[in-house]
Amino acid sequence: MARGGGLASKRLHVKAASANQAPRPTKMQQNKQHNQHHQHHNHHQQQRRTQPANTNTAAATSVFAATSLPEKLVPQASELVGGTPMVYLNKISKDCKARIACKLEGLNPCGSVKDRIAKRMLDQAEMDGTISPGRTTLVEATSGNTGIGLAFIAASKGYRLILTMPETMSIERRVLLRAFGAELVLTRGEIGMKGALDKAEELCATVPDAYQLCQFENPANPAVHYETTGPEIWRDTAGTMKHLVCGVGTGGTITGCTRYCKEQPGGDNLKAYAVEPAESAVLSGKPAGAHSIQGIGAGFVPKNYDQSLVDEVVPVSTNDSLAMAQRLAIEEGLLVGISSGAAVCAALEIASREENAGDLVVVVLPSFGERYLSTPLFQNLWVEDDKTEQSMPTSWRTAKRIGVKPLGERESL
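All figures in this text were calculated on a predicted structure; none of them were measured in a lab.

(A) Molecular detail of the overall build of the protein. Each helix and strand counted, the protein has 12 helices and 12 strands in total. Buried positions account for 46% of the 413 residues belonging to the protein. Taking the intrachain contacts of the protein between residues at least 6 apart in sequence as the baseline, contacts between residues at least 24 apart amount to 68%. A total accessible area of about 22000 Å² is found for the protein, and carbon and sulfur atoms account for 53% of it.

(B) The arrangement of the state of the cysteines in detail. The tally for this structure, following the rule as stated, stands at zero disulfides. C204 provides the cysteine sulfur closest to C214, a residue in no disulfide bond, and the two sulfurs are 7.1 Å apart. A relative accessible area of 26% places C214 in the partly exposed class.

(C) Region of interest: the confidence of the model for the protein. In this model, the protein carries an average pLDDT of 83, and 77% of its residues clear a pLDDT of 70 or more. In this model, residues 1-66 is a region of pLDDT below 50 whose contacts with residues beyond four sequence positions or in other chains number 39 contacts. In this model, residues 399-413 is a region of pLDDT below 50 whose contacts with residues beyond four sequence positions or in other chains number seven contacts.

(D) Quick peek at the sheet that holds strand β10 (residues 271-277). The sheet built from six strands is open, its strands ordered β3-β4-β12-β9-β10-β11 with mixed pairing. Two strands in the sheet have a free side with no partner beyond their single neighbour: β3 (86-88) and β11 (312-316). For this sheet, the mean inter-axis angle between neighbouring strands, taken without regard to orientation, is 25°. One ladder, built from three bridges, connects strand β9 (residues 243-247) with strand β12 (residues 360-365); its direction is parallel. Residue pairing across strands places H243 opposite V361, the latter belonging to β12.

(E) Geometry of the environment of E349. Within the secondary structure layout, E349 lies in helix α10 (residues 338-351). With a relative accessible area of 40%, E349 lands in the partly exposed category. Residues E349 and V314 lie 35 residues apart in sequence; the distance between their C-alpha atoms is 9.1 Å.

(F) Spotlight on unusual backbone geometry. The residue D209 is not glycine, and still its phi comes out positive at about 55°. Tracing the chain through its elements places D209 in the loop between α6 (192-206) and β8 (210-212). Its relative accessible area of 47% is what places D209 among the partly exposed residues.

(G) Region of the structure containing the pairing of strand β4 (residues 99-104). Among the six residues in β4, five count as buried, and that is most of the element. Note that β3 and β4 share three bridges and pair antiparallel. Residue pairing for β4: M86 is matched across the bridge by K103. Across six bridges, β4 lies against β12 in parallel orientation. Looking at β12, one finds that I100 is bridged to V361.

(H) Structural view of the side chain of S340. Position of S340 among the secondary structure elements: in helix α10. In this structure S340 comes out as buried when scored by relative accessible area, which is 0%. Look past the residues within four positions of S340 in its chain and what remains in contact with it is L328, L365, P366 and S367.

(I) A look at the nonpolar core. By size, the foremost hydrophobic cluster in this structure holds 36 residues, and its most contacted members are I100, V245, L328, V361, V363 and L365. Of the residues forming this core, the biggest block, 10 residues, is contributed by α10. Leaving out residues up to four positions away in the same chain, V245 has contacts with Y273, V275, A343, A346, A347, I350, V361, V362, V363 and V364. In terms of nonpolar packing, the next biggest core, distinct from the first, is built from 26 residues, Y159, L163, M165 and L177 among them.

How each quantity is defined
Residues numbered from 1 in each chain as written. Predicted model: local features only at pLDDT ≥ 70, side-chain atom pairs only at ≥ 80, totals over all residues. Heavy atoms only, no water. Helix = DSSP H or I, 4+ residues; strand = E, 2+ residues; numbered from the N terminus. Buried < 20%, exposed > 50% of the residue type's maximum accessible area, 1.4 Å probe, protein only. Contact = heavy atoms within 4.5 Å. Areas by Shrake-Rupley, 256 points an atom, 1.4 Å probe, with all protein chains shown as cover. Disulfide = S-S within 2.5 Å. pLDDT = per-residue confidence, 0-100. Pairing = 2+ DSSP bridges. Axes fitted to C-alpha atoms, helices over the stretch in contact; angles between N-to-C directions. Core = buried A, V, L, I, M, F, W, Y, C linked by side-chain atoms within 4.5 Å.

Below is the structure:
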């Protein structure tokens, strides 16, 4: 849901004093007039800021049908998807020729850009009459973030959800999926997303009333980026960006955003850059391979990836992606995932080119970093924490594991 809006311009009208001007009101009269004006203004402001309740679900109908809501109060959590902010890089990009602005998709309700496609794919299937809660079992292959978004939306709508995922994805992803009530089937990590896709198709053939969402080819995927993410970026940069950098997992983000932006006045000069793992540079025509950049590099060219819109493919190694994601947290205060590190590596390369001096480079950071704590991204911190714990007195380590007693119950030292 896009948020915000332009600020109305304010004009100050000044009149010269006149000899016949009425006597100036007292302070008490001024306060009374101000309060009356303020109350009148607030009444009209409240009228403008309210909107009819969303009645798409039974819950929304029963709770909100007879009332109206302020603009920032929505009837259900799924309505919070989208409208993410943007921020400039500063320290990391200080030696670049161009400026870099980041689209922070990790600030979606469930922490990634995939919240957008999860909501849109389910909404579209419902509008088409293909699925309905209580009858349909949703099935999808995921590397984690789409699955979390689907689990979030499915829980709010009342669907059963079965997800297939490579076993190499982080433990945080597994826990989050199960926390939303999703059923999880792990597939062999060495065959990547292809194994998860094959398993999803197998389940669809055996589970009654199963429906596979097919994020890699579902047209609702690029459509939601054409309708929301792209317009948000174009609006927030006032159409001044010259370069758009996106990692490619399903291909939906770069396809939808680029298509929208290139259609805008002046957008025909925009250049789009697809980021993929150097170890599995399939978009560059090389064979698929193992890598640790979760969320991009599926090992095949997705149907939702429109190559005709992309000006350049930028391969980035896993090690460089990890190092950059760590730097973003320490130097910019941006806790992001590994694929965000890869995207920023590519953005830095583009922003460092002499021919791009003075331009604005926009890079999409797909996910929040907290779900990568168990991955190599933060592995060194786990080692340091273990060493710190081992150096503690035995009594301290025990207290840390079982919980410290309340102050009144502690023994005297």
